[in-house]
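# Analysis of the macromolecular model
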Amino acid sequence: MFEFTMVIKKQIRSLMCRGRKKKIASLVIILIFLINAMFYVSLELYNTIKNRNKDPWYKSLRYEKDYVDKMGMRVIVGHYVGGNSGGNLSQEMINTNHYAPIDGAGEGGRPVQLLQREIISARDLYSLHSYNIVVSDRISINRSLPDMRSESCRRVEYDLENLPTASVIIVFHNEAWSTLMRTVMSVLLRSPTVLLKEIILVDDASDRKYLGKELEDAIENLNNVKILRSHNRTGLVGARLMGARIAVGDVLLFLDAHCEVTQGWIEPLLERAGSDDVFICPHIDLLSDDTLAYTKSIDAHWGAFSWRLHFRWLMPSNEVMINKSKNPSKPYPTPAMAGGLFAVRKSLFWRLGGYDEGMVIWGAENLELSWRAWQCGARVEITPCSRVGHIFRRHSPYKYPGGVAKVLNSNLARAASVWMDEWADFFFKFNPSVAAIRDSQSVGDRIEIRKNLHCKNFKWYLENVWPQHFFPTDERWFGRIRNDKGGCIGVTAGTPGLGGPASSISCGSDLDLDRLLVYTVEGKVMADEGLCLEQGNGRAVWKTCTENIKQIWQQKGPRLKTLDGLCLTLVNGDSEDGIGDPLTAKRCLNDNRQIWHFERVPWR
Ligand code: LR7
Ligand code: MN
């Protein structure tokens, strides 16, 4: 009996031992796996942390100008660097559609993050479109987006039966397949069928293979989606006109080819466009060029332009802000539109002269259209209730035949010479490269339109549509303000649109816009981009022009005095010649650092 139990015990022990060995073996395997996983995770973590404080990877690419404006909003870069359209990528890479959606990626407008190793190929492909194509290709063309409207906008009810119908026109040149199709699908998914007559795609001579038959196959089964092709590269104006000519809807509704519309986007546009005297724009939100995340853009903004005629988003006038807070769902006026996204009754579009067909490729047509609208009896407005996302790009991915400067300058020259009167002289005087090609542009037919429509002049436009403008006028002083010690008041190169500390800078030549200032009757010292000299805490600063009394500098003899009696002073800094020294407001003394010489420069 005892023997027997011993044997059993022994067997159990050996069984257990065998079990233990196995257990140990599996434990070792698990441990090896865990160590490996931990190593991988910490490597990823290390990389993320290492990169967190660094600029995102695409910052290493070349851009010409800052593209964030004073409100921290992305703006269109006025002077694009023409793209290299893919540089040394293979033809196969450039011409193939790599759309391969991953379940859930980017849904709800959320960002898509890539792994460290994927970023490398994304970076190589970035130059193709100037946005992250790898990310775009992972997001479903039918992705969901949240309702971006404010409470008050959601409450507005529309009588769909009585709204005019829309022809949505989307022009493109070498757009990515996924962004183009996502634009189309977002319109189809979020527009009531009774309102959407058709979507017209206009291909502006793209040479990417996937935009041929593959695109046609993709839209074949979609209702009312057509495609037109321009065989020569005409530019966005020519392409939009092609679409507009065949449109059958009551309203023309233009979109760029990398947009996504959100819930309820079309009703407010059509309701307002029905009135026949307005070009109505949606509120434009941001689609990240890196992650394609949908983010709301700042609530109150309107469009205008700098002395160099670069489009800018600015803070609307006080009057508009007050009206907006009383009536948050109402459309509000804007001096200029960004250009890509707007609706207009077809009859009004043609009555006011369509577009200037002499404008090639890209640029300035948005200002021309805005001036023409306002000056010829119509309006340009933004409705806060229609929200559309757009991918803002830092530089242009496509080629500019003849060079980007020539293209943009010739378009600007056309717009300015037809609509800006004395301010065209101002623009040409300080932009000699544009003036040089002014005479090569024939704009007779456009001037004819202005005459026939009995349009108002540019002075009327500035005074009535944009009274807060920062351009010189006959009532305003214009020139350089030089300190007795040397150096002039000016915005230091590199001061961001948000403003920054003010110092004196070298005085430059008479044609140097960076040194030239407007001094207004009420005492504001204005520079280009709508920056005003403001009495700060300790140091004078450049800030967006507002009603703030700290922006008033009264001219008392050779001094500039704040309302509390302090004198604008060039602080004694490190310099010999006064250049680079900070500006501040100080107790008035007998000091030539408080003496300013006003050197007038004719503004036109
Ligand atoms: O030769 C061309 N042919 C084209 O068909 C050049 C461009 N295009 C297409 C292009 O594929 C795109 O769909 O035209 C559309 C606009 O070109 P983008 O996206 O390169 O322009 P953008 O968004 O940088 O620039 C803005 O300013 C332009 C000035 O000409 C146009 O008015 C754009 O429509 C306009 N975009 C917007 O207003 C979107 C909101 C941006 C803001 C703020
Ligand atoms: Mn665009």
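Summarised in this report is the structure supplied together with it. (Residues numbered from 1 in each chain as written. Chains lettered and ligands numbered in written order. Predicted model: local features only at pLDDT ≥ 70, side-chain atom pairs only at ≥ 80, totals over all residues. Heavy atoms only, no water.)

## Side note on empty space enclosed by the protein
Summed over all chains, the structure comprises 3 cavities of 30 Å³ or more. For the second largest cavity, the calculated volume is near 50 Å³. At 3 residues, strand 6 (residues 278–287) tops the list of elements feeding residues into the lining of the second largest cavity. Across the lining of the second largest cavity, the residue classes tally to 8 nonpolar, 2 polar and no charged. (1 Å grid on protein atoms, 1.4 Å probe; cavity = no way out; pocket = protein on both sides within 12 Å on 5 of 7 lines; lining within 4 Å. Points joined across faces, edges and corners; volume = space filled by probe spheres on them. Helix = DSSP H or I, 4+ residues; strand = E, 2+ residues; numbered from the N terminus. Nonpolar A, V, L, I, M, F, W, Y, C, P; charged D, E, K, R; others polar.)

## Considerations on the coordination of the manganese ion (ligand 2)
At the metal site, the manganese ion (ligand 2) is ligated by Asp256 (OD), His258 (NE2) and His390 (NE2), and these contacts range over 2.2 Å. Along the chain, the residues donating to the manganese ion (ligand 2) fall in the pattern D-x1-H-x131-H. With His258 in the loop between strand 4 (251–255) and strand 5 (259–261) and His390 in strand 12 (residues 379–391), the pair connects residues that are 132 residues apart, well separated along the chain. The pair formed by His258 and His390 is uniform in burial state, with each residue classed as buried. (Donors = N, O, S within 2.8 Å, 3.2 Å for Na, K, Ca; no water. Buried < 20%, exposed > 50% of the residue type's maximum accessible area, 1.4 Å probe, protein only.)

## Concerning the state of the cysteines
By definition, a disulfide links two cysteine residues through a covalent bond between their sulfur atoms. Throughout the structure, instances matching the rule amount to 5 disulfides. Between the sulfur atoms of Cys153 and its disulfide mate Cys385 the distance is 2.0 Å. In this structure, the disulfide formed by Cys153 and Cys385 twists by about -75 degrees around the S-S bond and is classed as left-handed. Placement of the pair is Cys153 in helix 5 (residues 151–155) and Cys385 in strand 12, with a sequence separation of 232 residues. (Disulfide = S-S within 2.5 Å.)

## Here we look at the packing of helix 6 (residues 177–190) against helix 7 (residues 213–220)
The geometry of helix 6 relative to helix 7 is characterised by a closest axis approach of 12 Å and an angle of 25 degrees between their N-to-C directions. On the basis of the axis angle, helix 6 is roughly parallel to helix 7. In terms of crossing hand, the pair formed by helix 6 and helix 7 is right-handed. Residue-level contacts link Trp177, Leu180 and Met181 of helix 6 to Glu214, Leu215, Ala218 and Ile219 of helix 7. Partitioning the contact of helix 6 with helix 7 into residue classes produces 6 nonpolar, no polar and 1 charged. (Axes fitted to C-alpha atoms, helices over the stretch in contact; angles between N-to-C directions. Parallel < 35°, antiparallel > 145°, perpendicular 65-115°, else oblique. Left-handed = near helix turned anticlockwise from the far one by under 90°. Contact = heavy atoms within 4.5 Å.)

## Observations regarding the packing of helix 12 (residues 365–375) against helix 13 (residues 404–419)
Their axes nearest at 10 Å, the elements helix 12 and helix 13 cross at an angle of 15 degrees. When the interaxial angle is binned, helix 12 and helix 13 end up roughly parallel. For the pair helix 12 and helix 13, the crossing hand works out as left-handed. Contacts between helix 12 and helix 13 involve Glu368, Trp371, Arg372 and Gln375 on the former and, on the latter, Ala415, Ala416 and Trp419. Taken together, the residues of the contact of helix 12 with helix 13 sort by class into 4 nonpolar, 1 polar and 2 charged.

## So, the site of ligand 1
Lining the immediate surroundings of ligand 1 are 28 residues, of which Asp204, Gly340, Gly363, Glu365 and Tyr398 lie closest. Ala257 is positioned with one of its backbone polar atoms (N or O) 3.1 Å from an oxygen atom of ligand 1. The side chain of Glu365 places a nitrogen or oxygen atom 2.4 Å from an oxygen atom of ligand 1. For ligand 1, whose unbound accessible area comes to 810 Å², protein coverage reaches 99%. Of all the secondary structure elements, the ones that give two or more residues to the shell around ligand 1 are strand 1 (166–172) and helix 8 (236–246). (Near = heavy atom within 4 Å. Polar contact = N/O pair within 3.5 Å; in protein donor to acceptor, adjacent residues only side chain to side chain. Areas by Shrake-Rupley, 256 points an atom, 1.4 Å probe, with all protein chains shown as cover.)

## Re unusual backbone geometry
In the Ramachandran plot, Asp276 falls in the positive-phi region, its phi being about 70 degrees despite a non-glycine side chain. Looking at where Asp276 falls in the secondary structure, it is placed in the loop between helix 9 (266–273) and strand 6. With a relative accessible area of 27%, Asp276 lands in the partly exposed category. Positive phi outside glycine occurs at Ala364, with the angle close to 75 degrees. Within the fold, Ala364 resides in the loop between helix 11 (346–351) and helix 12.

## A word on the nonpolar core
One finds Leu255, Trp265, Phe279, Phe305, Leu309 and Trp371 to be the most contacted residues of the largest nonpolar core, which totals 121 residues. In terms of residue count, the dominant contributor to this core is helix 13 (8 residues). Ignoring sequence-local partners within four residues, the contact set of Trp265 consists of Val168, Val187, Arg190, Ser191, Leu253, Leu255, Ser386, Arg387 and Val388. Leu114, Ile119, Tyr131 and Ile391 belong to the second-largest nonpolar core, a separate cluster that totals 21 residues. (Core = buried A, V, L, I, M, F, W, Y, C linked by side-chain atoms within 4.5 Å.)

## Details of the pattern of salt bridges
The full count for this structure, using the stated rule, is 32 salt bridges. Linking Asp204 and Arg233 is a salt bridge whose minimum nitrogen-to-oxygen distance equals 3.8 Å. You can see Asp204 sitting in strand 2 (residues 196–204) and its partner Arg233 sitting in the loop between strand 3 (225–230) and helix 8, a full 29 residues away along the chain. A salt bridge links Arg240 to Asp256; the nearest nitrogen and oxygen atoms lie 3.6 Å apart. Here Asp256 lies in the loop between strand 4 and strand 5 and Arg240 lies in helix 8, a separation of 16 residues in the sequence. Each of the salt bridges in this network shares a partner with another, and the network as a whole consists of Arg480, Arg482, Asp510 and Glu599. (Salt bridge = Lys/Arg side-chain N within 4 Å of Asp/Glu carboxyl O.)

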